[in-house]
Amino acid sequence: MKTPDIKIPLSRPDITDLEIEQVTAVLRTPYLSLGPKLPEFEDLIAEYVGVRYAVAVNSGTSALQLIIRSLGIGEGDEVITTPFSFIASANCILLERARPVFVDIDPRTLNLNTDLIEEKINDRTRAILAVDVFGLPADWDALKLIADKHKLILIEDSCEALGAEYKGRKAGSLGIAGAFGFYPNKQMTTGEGGMVVTDDERIARLCRSMRNQGRDDSDDWFGYARPGYNFRLSEINCALGIAQLSRLKEMLAKREQVANLYNLKLSVMAEVITPASVSDVKRSWFVYVAILKDKPYTINRDTIVEELQRRGIGCAKYFVPIHLQPFYMEMYGYKQGNFPVTESISRRSIALPFYTAMTEEDIDTVVRHLKDIISRS
Ligand SMILES: *Cc1c(COP(=O)(O)O)cnc(C)c1O
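Residues numbered from 1 in each chain as written. Predicted model: local features only at pLDDT ≥ 70, side-chain atom pairs only at ≥ 80, totals over all residues. Heavy atoms only, no water.

So, about the packing of aromatic side chains. Within the structure shown, the criterion is met by 18 aromatic pairs. Aromatic pair Trp 285 and Tyr 288: ring centres 5.7 Å apart, planes at 15 degrees, arrangement stacked. Both residues of the pair, Trp 285 and Tyr 288, belong to the buried class. Their ring planes at 40 degrees and their centres at 5.9 Å tell us that Tyr 328 and Tyr 332 sit as a pair that is tilted. Taken as a pair, Tyr 328 and Tyr 332 lie in helix H10 (residues 326-332) at a separation of four residues, close to a single helical turn. (Phe/Tyr/Trp six-rings, centres within 6.5 Å; stacked < 30°, edge-to-face > 60°. Buried < 20%, exposed > 50% of the residue type's maximum accessible area, 1.4 Å probe, protein only. Helix = DSSP H or I, 4+ residues; strand = E, 2+ residues; numbered from the N terminus.)

This part takes up the site of the ligand. Close to the ligand lie 13 residues, the nearest being Gly 60, Thr 61, Asp 157, Glu 160 and Lys 186. A distance of 2.5 Å separates an oxygen atom of the ligand from a polar atom in the side chain of Thr 61. The separation between an oxygen atom of the ligand and a polar side-chain atom of Lys 186 is 3.1 Å. Expressed as a share of its isolated accessible area of 380 Å², the protein-covered part of the ligand is 93%. Among the cavities detected, the one that contains the ligand is the largest pocket. It is helix H3 (residues 60-70) that contributes the most residues to the shell around the ligand, three residues altogether. Residues belonging to the shell around the ligand are distributed by class as follows: four nonpolar, six polar and three charged. (Near = heavy atom within 4 Å. Polar contact = N/O pair within 3.5 Å; in protein donor to acceptor, adjacent residues only side chain to side chain. Areas by Shrake-Rupley, 256 points an atom, 1.4 Å probe, with all protein chains shown as cover. 1 Å grid on protein atoms, 1.4 Å probe; cavity = no way out; pocket = protein on both sides within 12 Å on 5 of 7 lines; lining within 4 Å. Sits in = over half its atoms within 2 Å of the grid points. Nonpolar A, V, L, I, M, F, W, Y, C, P; charged D, E, K, R; others polar.)

This part covers the sheet that holds strand E1 (residues 53-57). Strands sit in the order E1-E9-E8-E5-E4-E2-E3 across an open sheet of seven strands; the sheet is mixed. Each edge of the open sheet is held by one strand with a lone partner, namely E1 and strand E3 (99-102). Taking the axes of each pair of neighbouring strands and ignoring which way they run, one obtains an average angle of 25 degrees across the sheet. With respect to the sheet, helix H2 (residues 37-49) is in contact with E1, strand E8 (177-181) and strand E9 (194-198), its orientation differing from that of E1 by roughly 130 degrees. (Pairing = 2+ DSSP bridges. Axes fitted to C-alpha atoms, helices over the stretch in contact; angles between N-to-C directions. Contact = heavy atoms within 4.5 Å.)

So, on to helix H8 (residues 248-266). Over its 19 residues, H8 extends 26 Å from the first C-alpha to the last, a length consistent with the 27 Å expected when each residue adds 1.5 Å. Taken together, the buried positions of H8 are Leu 248, Met 251, Leu 252, Arg 255, Val 258, Ala 259, Tyr 262, Lys 265 and Leu 266. Down the axis of H8, the buried set is contained in an arc of 155 degrees. They therefore lie on one face. Looking at H8, the residues exposed on the side facing more than 90 degrees away from the buried face are Lys 249, Gln 257 and Leu 264. (Expected span 1.5 Å × (residues − 1). Arc of directions from axis to C-beta.)

As a further point, take the sheet that holds strand E12 (residues 288-292). Ordered in space as E10-E12-E13, the three strands form an open sheet in which the pairing is antiparallel. Across the chains shown, the open sheet's two edge strands, defined by having one partner strand only, are strand E10 (272-273) and strand E13 (349-352). Inspection of the sheet shows E12 paired to E13 by four bridges, in the antiparallel sense. Residue pairing across strands places Ile 291 opposite Ser 349, the latter belonging to E13. Those strands touched by helix H9 (residues 301-310) are E12 and E13, and its axis lies near 20 degrees from that of E13.

Here's what the structure looks like:
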């Protein structure tokens, strides 16, 4: 029997004629870098997030690295963070020669379990870097209490949470500085790109300088106030970001619709846990991750992922625990069993296809195949 070819990708950017026109318009000007689109994009993001300063960079990873560096965190310092995240949120600490100290997560929100933080604090601890995992803001009130009590800096990796809100405040504005990423699978994209957002003038100034070889605003092109990088974001990327930001509300609403349909259709499956909602917290939908229940079920997640992929349905294992990456185990002695909640969730999570253009028919197809595969396993 001939089965129809399914091709449902894991994610897909939402690009319209507006983006194409605004990007090509830049190409007709002489300004391809450090032109007018850069401050325009930065100002729009700062306004959207509700902070004083935004500094555009070439990736979310660069944004995180510049935040760590601008805070002077380095050799001998420890930073508390989550092992259940994209690897960049821990690498930014390691690469500045500070030590990432992991704390396990809450099994429902998948964010840092704040009850477990204080036992990891010592006199080398400088900061807590909390991630708003899958677009759900972390428990920022609890984080702030701990940070104030122990005089620690709070850093927000809000790369997955553009548009999310915690008690009426936008993600990115919840720590001393926040980082956004604009890779094509995020809520909005610049191709590659990122942004530091902060109310702290000093952090903004240092990040602005270090993204541009360490130049200061007042400096000439060959004057350098400090060592820096080339983490600049081109005018082409900024124009794409401006167009995407103008459509963000519409795109977030579509993502929410898709998520609600998944929630509804998966709610009848006893074997599956749908993403948590938390009162007073507004998730910005980055990915749709279903968690397979463990007891009394014995469903093998890896088999399901392989079979979905074989049938043309894009899916992924979000996330693999950071502490179990071989170089983390080697450098810091982390091993299997250190963070049981993270490890258990990681073994049972499946990111399903998720993007604005998904139709109800696409969602039905995904759910039908998921049910079919689970019923056979
Ligand atoms: C996407 C992401 C980043 C940054 O990613 P880039 O690909 O460098 O833009 C950082 N942290 C988290 C949690 C992310 O999801």
